Each structure stands twice: as C-alpha cells, then as structure tokens.
Amino acid sequence: MNTPSLLILAGDGIGPEVMGEVKRIITWYGEKRDMEFDVSEDLVGGAAYDAHGTPLTDATMAKAQEVDAVLLGAVGGPAYDNLDFSVKPERGLLRLRKEMDLFSNLRPAQCFDALADFSSLKKDIVAGLDIMIVRELTSGSYFGEPRGIFDLPNGEREGINTQRYTTSEIRRVARSAFELARKRNNKVCSMEKANVMESGILWREEVTWVHENEYPDVELSHMYADAGAMQLVRWPKQFDVIVTDNLFGDLLSDTAAMLTGSLGMLPSASLGVPMENGRPKAMYEPVHGSAPDIAGESKANPIACILSFAMALRYSFNDGAEADRLEAAVEKVLADGARTADLLGPEDGTPISTTAMGDAILAELDASL
Ligand code: NAD
C-alpha cells in the first residue's frame, strides 16, 4: 500500500496551536517508528476566508477527497461572526462532511482515571469509563426535506424540519457500530424513539435486520433515547457502543462527553464509505471549537487533537497497537500530574503550556520504546 496521506487543516484560533503538537507526534512516528506519512497542509474556516474569500476552496475540497485522512483543528472566531451565512467558517466544515459523505460520527467518551475527580458525576460512576457513541451524521432532522419557516394563511408562521431515514442510511451506520463493537466489548445499544416516531420504528427494525443477518455474534439491545440519556448519567459503564441518529446523537454524545470532564480531552472521527484502497473516507477532529478566549496564549490542551490522531491510526491505518501506544502515553502523562489550565480547578496548582503538554507526551512515547 502507498505511503498513507494526511491533509492537515489546522483552521482558526487554537486550531493551529493544538495541531502543532500533533505535527510533532507525526514527525516522531516517522523518526522513531519508521511510519512515514505523506502530509500536506491547507486552509479552512476563517483562515481560508481571509486568503480566498471562502471557508473552503474547491482545490482544498478536491484534496480532501483524495487523501487517506483529513486532520482538522477548529474553525471560527469573533472576527467572522457577522459574515454572510454562506461563507461562515463552519460552512467549510459542513461542506467537508457532506461532500465526503461522512455518515458515521464516532465520539468516544473515555474517562482517564487521573481525571475521574474532574467529572460532574461521582468518581466510581465514571472511573474507567470507555464507551463509544456512533452518531449518524448526514441524514435525519438536520437534512430532511421539507424544511424552512413558512407563512400560514392565518397570519402565523410555521417552522418545519423533517426527520427521515431510509433503509440504506440506517443499515450502513448500524454496520459501522457492529464492526466497532467487534473490536471492543461486542455490545451495541441502539437508541431511538420507536414509541412515538415512525422513523424510530424503522430504525429499530433495520438495526435488528442487520444484527440478525450480519452480526448475530454481537449483543444488541434497544433503548428509547430519553431513557438512554437517563441511563448515561445513572450508570454509563453498562454501555459499550451506542448507535443513534443525527439529532439524538448530537444530544447524547455531548451528554456522554461531559462525563469525562474537559472539552480539551475529547476526540472524534467521522467516517464514510471505503475508498479503492479499502480505507474509509475519514476526517478526525477534536470536539472543541477555536476557543478565541485563550487563542495565541499557549494555554490550549492539545490532547483532544492528539487523541483524534490516535483514532486516525486505529480507524484509517488499522494500527491499533500504535494507537494504544499514543493513548497510553497520554494516560501516563495525566497520571504523572501534567495539567493544562482546563484540567485544573482554581486552587489546583500551576498549569503547563500547550507545548509543554506536547513535550511530556513525546517524552512518554520515547519511554515506550
Ligand atoms: P469552544 O469549544 O471554542 O470553547 C468553549 C470553552 O472551552 C472556552 O472557554 C474555551 O477556552 C474552552 N476550550 C475549548 N477547547 C479547549 C482546549 N483544547 N483547551 C482548553 N480549553 C478549551 O466553543 P465556543 O466558545 O462556543 O466557540 C468558539 C468558536 O469556535 C465559535 O466561532 C464557534 O462557532 C467555533 N466552534 C467550532 C467548532 C469546530 O471547529 N468543530 C466546534 C465548536 C465551536
């Protein structure tokens, strides 16, 4: 197989700062593990708007379609808040997701022991937590037609969004969840509202079909999404993989994220259909935004972006051992007490900088050899 290719789109605000640490880790893999990547870089979001008047040029879009994986930092910032909707930084991100058809959004919620005190839940409920939420990302209420705000004959207005899913849309994201479960603890819980929504009934039937016909070895359960939200905060460790639609996934993945503490710790992957070389179309990005309040001060936590690269190793380059190595290095650094400001309370000591966190992780990677 050819040298794996990466397109780095660092974006705005803290995006380039946290991506800077990922670039050092990519270099480390080249030098110390003989893992070469063909890396190119380009602009997205406000940075692309400043240079080209658009948050994503056609040339960058074309490049994203060709590479094995896109690594994205973050987009947006106050300088762009008043731009027309069509050229807002977030449009660049949405265009990437849509045109690459990244239908399966993987949001791990993992609680490192060293940070268990940081969660808003009791330590014994979250310590050791490791669950994965698979959210359908390209259909459902955020895309369904008809949509819009309409004037009614009686003078009122009506806002409409349409929740719709087809068989193939449900089956492909269900497969993605079952595949993941096989590499983890072999359990999938599917969440919808089959009690009140026809799209939920179809969702449940199709997930069950995929299970019975293709993945009978995986344990499948179903839950209504509202009950699932309660269970997530009551006893999250009962779950392994949760698969759900776009709207419920948006809410449930943010709920699960908060079990683990800081936004600066949360990675994500968005995967599409396999390309000719067998690798899925893929984009990896931290969940957080461009954090304009701390941008340019080397205060940002680079771990979410670094763990997103670990997901790229695992899901695009099928190298679970190296992903484990990188995740273990992060865990060790946290266990040793390294903390950026977001991981400290007001009286918890002195934070380290973005680059110092990168230094510590690189030192741990060296120690792992
Ligand atoms: P945000 O995630 O940027 O920041 C929320 C809070 O978390 C801030 O206090 C910030 O300092 C802190 N934070 C975020 N990431 C951190 C990190 N790695 N280390 C330490 N602290 C961190 O969300 P926001 O403030 O609502 O949005 C800021 C801008 O980012 C807006 O323009 C928004 O549209 C954009 N945004 C982009 C994305 C994306 O690129 N995927 C996601 C969310 C928001």
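Coordinates for the structure precede this section.
Rules used throughout
Residues numbered from 1 in each chain as written. Predicted model: local features only at pLDDT ≥ 70, side-chain atom pairs only at ≥ 80, totals over all residues. Heavy atoms only, no water. Axes fitted to C-alpha atoms, helices over the stretch in contact; angles between N-to-C directions. Helix = DSSP H or I, 4+ residues; strand = E, 2+ residues; numbered from the N terminus. Parallel < 35°, antiparallel > 145°, perpendicular 65-115°, else oblique. Left-handed = near helix turned anticlockwise from the far one by under 90°. Contact = heavy atoms within 4.5 Å. Nonpolar A, V, L, I, M, F, W, Y, C, P; charged D, E, K, R; others polar. Salt bridge = Lys/Arg side-chain N within 4 Å of Asp/Glu carboxyl O. Buried < 20%, exposed > 50% of the residue type's maximum accessible area, 1.4 Å probe, protein only. Pairing = 2+ DSSP bridges. Near = heavy atom within 4 Å. Polar contact = N/O pair within 3.5 Å; in protein donor to acceptor, adjacent residues only side chain to side chain. Areas by Shrake-Rupley, 256 points an atom, 1.4 Å probe, with all protein chains shown as cover. Core = buried A, V, L, I, M, F, W, Y, C linked by side-chain atoms within 4.5 Å. Expected span 1.5 Å × (residues − 1).

Draft legend 1. Quick look at the packing of helix H1 (residues 15-33) against helix H12 (residues 354-367). The interhelical angle for the contact between H1 and H12, taken along N-to-C directions, is 20 degrees, at an axis separation of 9 Å. Classified by the angle their axes make, H1 and H12 are roughly parallel. In this structure, H1 crosses over H12, and the sense of that crossing is right-handed. Each of Glu 17, Glu 21, Arg 24, Ile 25, Trp 28, Tyr 29 and Lys 32 in H1 lies in contact with H12, whose residues at this interface are Thr 354, Thr 355, Gly 358, Asp 359, Ile 361, Leu 362, Leu 365 and Asp 366. Here the residues of the contact of H1 with H12 are counted per class, giving six nonpolar, three polar and six charged.

Draft legend 2. Focus on the pattern of salt bridges. All chains considered together, the criterion is met by 26 salt bridges. A salt bridge links Arg 107 to Asp 254; its shortest N-O distance comes to 2.9 Å. Of the two residues, Arg 107 sits in strand E4 (residues 104-110) while Asp 254 sits in helix H9 (residues 246-258), which places them 147 residues apart along the sequence. Of the residues examined, Asp 254 reaches a relative accessible area of 40% and is grouped as partly exposed. Among the ionic pairs, Asp 324 bridges to Arg 314, the shortest N-O distance being 2.5 Å. Remark: Arg 314 occurs in helix H10 (residues 303-315) and Asp 324 occurs in helix H11 (residues 320-335); sequence separation between them is ten residues. By sharing partners, the salt bridges in this structure join Glu 21, Arg 24 and Asp 359 into a single network.

Draft legend 3. Spotlight on the pairing of E4. Among the seven residues of E4, six are classified as buried, and the element is accordingly described as predominantly covered. Sheet topology places E4 next to strand E5 (residues 130-136); seven bridges connect them, and they run antiparallel. Looking at the pairing, Leu 106 lines up with Val 134 of E5. Sheet topology places E4 next to strand E11 (residues 267-274); three bridges connect them, and they run antiparallel. By the bridge assignment, Ser 104 is partnered in E11 with Leu 271.

Draft legend 4. Representation of the site of the ligand in the model. Taken together, 21 residues form the shell around the ligand, and within it Glu 90, Gly 289, Ala 291, Asp 293 and Asn 301 come nearest. The separation between an oxygen atom of the ligand and a polar side-chain atom of Glu 90 is 2.5 Å. Contacts to the ligand include Gly 289, whose backbone N or O atom sits 2.7 Å from an oxygen atom. When the ligand sits alone it has 800 Å² of accessible area, and the protein chains cover 68% of it. A class-by-class count of the residues in the shell around the ligand yields ten nonpolar, seven polar and four charged.

Draft legend 5. Spatial organisation of the packing of H10 against H11. Here H10 crosses H11 at 160 degrees, and the two axes come no closer than 7 Å. Considering the angle they form, H10 stands roughly antiparallel to H11. Along this stretch, H10 crosses H11, giving a crossing that reads as left-handed. Contacts from Ile 303, Ile 306, Leu 307, Phe 309, Ala 310, Leu 313 and Arg 314 of H10 reach H11 at Gly 320, Glu 322, Ala 323, Asp 324, Leu 326, Glu 327, Val 330 and Leu 334.

Draft legend 6. Structural detail: the nonpolar core. One finds Tyr 29, Leu 71, Tyr 284, Phe 309, Leu 326 and Ile 361 to be the most contacted residues of the largest nonpolar core, which totals 67 residues. The contact partners of Ile 361, leaving out residues within four places of it in the chain, are Ile 25, Ile 303, Ile 306, Leu 326, Ala 329, Val 330 and Val 333. Grouped together as the second largest cluster of nonpolar side chains are 18 residues, Val 126, Leu 129, Met 191 and Leu 259 included.

Draft legend 7. Layout of H11. Look at H11: 22 Å from first C-alpha to last across 16 residues, which is about the 22 Å you get at 1.5 Å a residue. All of the buried residues along H11 are Glu 322, Ala 323, Arg 325, Leu 326, Glu 327, Ala 329, Val 330, Val 333 and Leu 334. The inward-facing, buried residues of H11 abut H1, H10 and H12. Looking one or two places after H11, you find Gly 337, whose phi comes out positive at around 105 degrees.

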